[in-house]
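Structural overview for review
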Amino acid sequence: MIFRRKGKSGEVKRHKPTCSFCGKLQGQSGVRLVAGPGVFICSECISLANEILWGHNPPAPASS
Ligand SMILES: [Zn+2]
């Protein structure tokens, strides 16, 4: 069986990747995104996750 996509618009949108966790845009100051399967995570969320994983004090949520 052959499945053919009929969508005429490109499935893969040429969109700037954003962090799937905080929504930061790649290219913002100091923001680097790491791509996962269908998701992105930015450097800030990685360090945040690291702190959580390694048991450091949870940083106060920065609401800038
Ligand atoms: Zn993020």
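Use the structure listed above.
Residues numbered from 1 in each chain as written. Predicted model: local features only at pLDDT ≥ 70, side-chain atom pairs only at ≥ 80, totals over all residues. Heavy atoms only, no water.

Before going further, it helps to spend a moment on the overall build of the chain. The secondary structure content of the chain amounts to one helix and two strands. Ordered by position from the N terminus, the helices and strands of the chain form the series β-β-α. Long-range pairs, those at least 24 residues apart, make up 4% of the contacts in the chain between residues at least 6 apart in sequence. Summed over all atoms, the accessible surface of the chain reaches about 6,100 Å², with 57% contributed by carbon and sulfur. (Helix = DSSP H or I, 4+ residues; strand = E, 2+ residues; numbered from the N terminus. Contact = heavy atoms within 4.5 Å. Areas by Shrake-Rupley, 256 points an atom, 1.4 Å probe, with all protein chains shown as cover.)

A separate point is the pattern of salt bridges. Enumeration over the complete set of coordinates arrives at one salt bridge. K24 is the salt-bridge partner of E44, the closest N and O atoms lying 3.1 Å from each other. You can see E44 sitting in helix α1 (residues 43–53) and its partner K24 sitting in the segment before β1 (33–35), a full 20 residues away along the chain. (Salt bridge = Lys/Arg side-chain N within 4 Å of Asp/Glu carboxyl O.)

Checked against the element boundaries, V31 lands in the segment before β1. Each C-alpha atom of the pair V31 and C45 lies 9.8 Å from the other, and the pair is 14 residues apart in sequence. Sequence-distant contacts of V31, that is, excluding residues within four places in its chain, are made with K24, L25, Q26, C42 and S43.

Here we come to the nonpolar core. Ranked by size, the top nonpolar core spans five residues in total: C19, V31, L33, C42 and C45. Not counting chain neighbours up to four residues away, the residues in contact with C45 comprise C19, F21 and C22. (Core = buried A, V, L, I, M, F, W, Y, C linked by side-chain atoms within 4.5 Å. Buried < 20%, exposed > 50% of the residue type's maximum accessible area, 1.4 Å probe, protein only.)

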